[in-house]
Structures are given as C-alpha cells and as structure tokens.
Amino acid sequence: MSSTPYAEVIGDPIAQSKSPLIHKFWLDALGLAGDYRRAHIKADALAAFIDQRRTDPDWRGCNVTIPHKVAVMDLVDDPGNIRGTIGAMNTIVRQRDGSVIGTNTDAAGFYAPLAETDLSGAPVIVVGAGGAARAVLFALARAGVGHVTILNRSPLKAMGLLATFGLKGEVLGLEAQLPPAALLVNSSSLGMAGQPPLDLDLSALPDDAIVYDLVYAPLQTGLLKAAAARGLDTVDGLDMLIGQAALAFELFFGAAPPEGRDEELRALLTA
Ligand code: NAP
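Let me sum up the structure you'll find in this document. In this text, all values refer to a predicted model and were calculated from it rather than measured experimentally. (Residues numbered from 1 in each chain as written. Predicted model: local features only at pLDDT ≥ 70, side-chain atom pairs only at ≥ 80, totals over all residues. Heavy atoms only, no water.)

## Remarks on the pairing of strand β8 (residues 169-172)
Then comes step 1: Pairing between strand β7 (residues 148-151) and β8: four bridges, direction parallel. Counterpart to Thr-149 in the pairing with β8 is Glu-170.
Then comes step 2: Viewed along the sheet, the connection from β7 through helix α5 (residues 155-164) into β8 turns out right-handed. (Pairing = 2+ DSSP bridges. Helix = DSSP H or I, 4+ residues; strand = E, 2+ residues; numbered from the N terminus. Right-handed = clockwise from strand over helix to strand, strands pointing away.)

Okay, here's the thing in structure tokens:
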C-alpha cells in the first residue's frame, strides 16, 4: 500500500501559521511526494496527540508553536539536550524506529542572516524574554556577544535569561533610554498586528547598527521603519521564519529546500 509522508504545525491558535505555505512551496518546487498540514491542538490534548502520531509511520514530525514549545519537551526524547540549553522545542521528528525526538531550529534560523557579522564582544539589545527570546539569547551567547541589555515588561523573567545563558548585562524597562549597541533585536510580540506598538528611540545606535525584528505580521514593523529612516541595516521576521523552516524541512523530508527561490517564497508569504 502506498502512503504519503506528511508533517504539520501544531499550536493554539494555528490558523495564522505560515508554515504550511512554506513547506508546500518547497515540496512542490522539488517535486517531492508529501504533505504539510496545520493542526489545532489545545494544551490538554498535546500528550494524546504525540502518542497517536508516534504510531503513524507516514508522520515525519511537526513544528510546534505557541503555546506548546515548553510543554512538548516532557513528551519526546531530547538527545541534543534542548531542555538544558535553549529550553524550548519548535521541531519534533519521528525517527525510523518509531522514537520521537525534539529539537530547536529557531536559534539557527534566527542567526543565519547574521552569520557574516562579527558580533564577538559586541554590545547588543534584546527586547522580550519569552520563548523566541530564549532562542535569540542562546544564539547570541554562542556568537560571543558582549554586554547584553534586555528590555522587557517583566524584569525578573529577563534577569533569569541572562543567568541561564551566562550573559553579562542588564535588564531595563520598555520605556528606558537605549544604550549604544551593534545589534538590536525585537523578540517580543510588540509591534505585531493586534498588539501594542514598540516605540523605541533609536538615536543612541551607531550608524552601522543592525535592527532585527522577529515580528513578521506586519513585515514592515514600526521598528523597522524607524530603523530604515535612520539609515540602519534591517532584518525582518521572514528571514528567520524561512531559515527555521528550512532546517525543519530537511529533517522531515530528507532534502534541502531548493536554492534561489527565496524571493518567490517571500512574495508568496507577503501576498
Ligand atoms: P511569548 O513567549 O508569548 O513572549 C512574548 C514576549 O512579548 C514577552 O517578552 C512578553 O513580555 C512580551 N509582551 C507580550 N505582550 C506584551 C505587552 N502587551 N506589553 C509588553 N510586552 C509584551 O512569545 P514568543 O514565542 O517569544 O514570540 C514573540 C514574537 O516573536 C511573536 O511576535 C512571534 O510571532 C515572533 N516569532 C517570530 C519567529 C520568526 O521565525 N520570525 C519565530 C518565533 C517567534 P512578558 O515577559 O512581560 O510577558
């Protein structure tokens, strides 16, 4: 009996996820047999979902989004010690032997657009202290950044993250005057459609600073517009979204996404 391999994205809510568009675009472009779906899974159904899927040989795995990135760590194997490092999983993969492992592709997806930038010893600013901030801070710690300023509504959470990732720095409120920094990253939900704006005075940033917003709906956030108006380099949230998806795609379907198709994909995602 022939069968079609499939992967999916799970979360609550899930209708907003762009992952199916991305993975289906790559499956079509490569002419691979496979499917990528969207599953609305509430927190109390997560364990039963993983148990059911682990017995399905066609299931290659799933991406995990809000609010399951932490809870799912209790339900899968963790050979890469994601629990002890980043502390959140966004990709679950079924192995041929039926075991199910979790990993995190957000950190590498976030870092990919910065790979050519020397951040060693550089001062950085990170807004937010949630799940996305964990992946960002993990990647920045590995890049050897210097002083880290975290701006967050809940200061205690942010202080915990500095300690977790062994970073030297300080925690400020969202209204604080920014210090100079080589890189500013928004990893909070501020600036996202339906959320309050992120209003920062960027005047303290040097002219060669990079401003990176993880928010991708809208793509041109107020923060990125303000950075562009100052002539600063910017990175938008689609770079990370596509980067983390590319790593997951390879784990699910055993092939790298096609090269040279990112502009087409970005147009599809912003249509
Ligand atoms: P999360 O775990 O819920 O964290 C949300 C963060 O935003 C926390 O720091 C929270 O502050 C802050 N926040 C939320 N509402 C706020 C408000 N009204 N006022 C002040 N602060 C507020 O969410 P997440 O998973 O980290 O995601 C954060 C953002 O990153 C989302 O926009 C998401 O779409 C984006 N993201 C993008 C990618 C990508 O591939 N581009 C990947 C992952 C996430 P407190 O700590 O005080 O609660």
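## Examining the packing of aromatic side chains
Then comes step 1: For the structure shown, the criterion picks out seven aromatic pairs.
Then comes step 2: With a centroid separation of 6.5 Å and 70° between ring planes, the pair formed by Phe-138 and Phe-165 is classed as edge-to-face. With Phe-138 in helix α4 (residues 131-142) and Phe-165 in the loop between α5 and β8, this pair connects stretches of sequence that are 27 residues apart.
Then comes step 3: With relative accessibility at 16%, the residue Phe-138 sits in the buried group.
Then comes step 4: An aromatic cluster of at least three residues, connected via ring pairs, comprises Trp-26, Tyr-36, Phe-249, Phe-252 and Phe-253.
Then comes step 5: Positioned above the aromatic ring of Tyr-6 is the side chain of Arg-37, whose terminal nitrogen or guanidinium carbon lies 3.9 Å from the ring centre. (Phe/Tyr/Trp six-rings, centres within 6.5 Å; stacked < 30°, edge-to-face > 60°. Buried < 20%, exposed > 50% of the residue type's maximum accessible area, 1.4 Å probe, protein only. Lys NZ or Arg CZ within 6 Å of the ring centre and 35° of its normal.)

## Observations concerning the site of the ligand
Then comes step 1: Within the structure, the ligand sits among 24 residues, and Ala-129, Ala-132, Asn-152, Ser-154 and Lys-157 are positioned closest to it.
Then comes step 2: Within the backbone of Gly-131, a nitrogen or oxygen atom sits 2.9 Å from an oxygen atom of the ligand.
Then comes step 3: In this structure, Leu-214 approaches the ligand through a main-chain N or O atom, which is 2.9 Å from a nitrogen atom.
Then comes step 4: Burial of the ligand by the surrounding chains reaches 81%, relative to a free accessible area of 920 Å². (Near = heavy atom within 4 Å. Polar contact = N/O pair within 3.5 Å; in protein donor to acceptor, adjacent residues only side chain to side chain. Areas by Shrake-Rupley, 256 points an atom, 1.4 Å probe, with all protein chains shown as cover.)

## With respect to the nonpolar core
Then comes step 1: Counting residues in each nonpolar core, the largest one holds 49 residues, and the members touching the most others are Ile-92, Phe-110, Leu-140, Leu-183 and Tyr-212.
Then comes step 2: For this core, the leading source of residues is α4, giving seven residues.
Then comes step 3: Taken together, domain 1 (6-105 + 241-255) and domain 2 (108-238) each give at least three residues to this core, which thus spans both.
Then comes step 4: Contact partners of Leu-183, with chain neighbours within four places excluded, come to Leu-114, Leu-119, Pro-123, Val-124, Ile-125, Leu-140, Ile-210 and Tyr-212.
Then comes step 5: Counting 21 residues, the second-largest nonpolar core is a separate cluster that includes Ile-22, Leu-27, Leu-238 and Ile-242. (Core = buried A, V, L, I, M, F, W, Y, C linked by side-chain atoms within 4.5 Å. Domains from an automatic or database assignment. Contact = heavy atoms within 4.5 Å.)

## Examining the sheet that holds strand β2 (residues 35-40)
Then comes step 1: Read from one edge of the open sheet, five strands run β2-β1-β3-β4-β5, paired in mixed fashion. For this open sheet the edge positions go to β2 and β5 (100-103), each flanked by a neighbour on one side alone. With direction set aside, neighbouring strand axes in the sheet form an average angle of 20°.
Then comes step 2: With respect to the sheet, helix α2 (residues 46-53) is in contact with β1 (6-11), β3 (59-64) and β4 (91-94), its orientation differing from that of β1 by roughly 175°. (Axes fitted to C-alpha atoms, helices over the stretch in contact; angles between N-to-C directions.)

Purely geometric numbers; function is a separate question.
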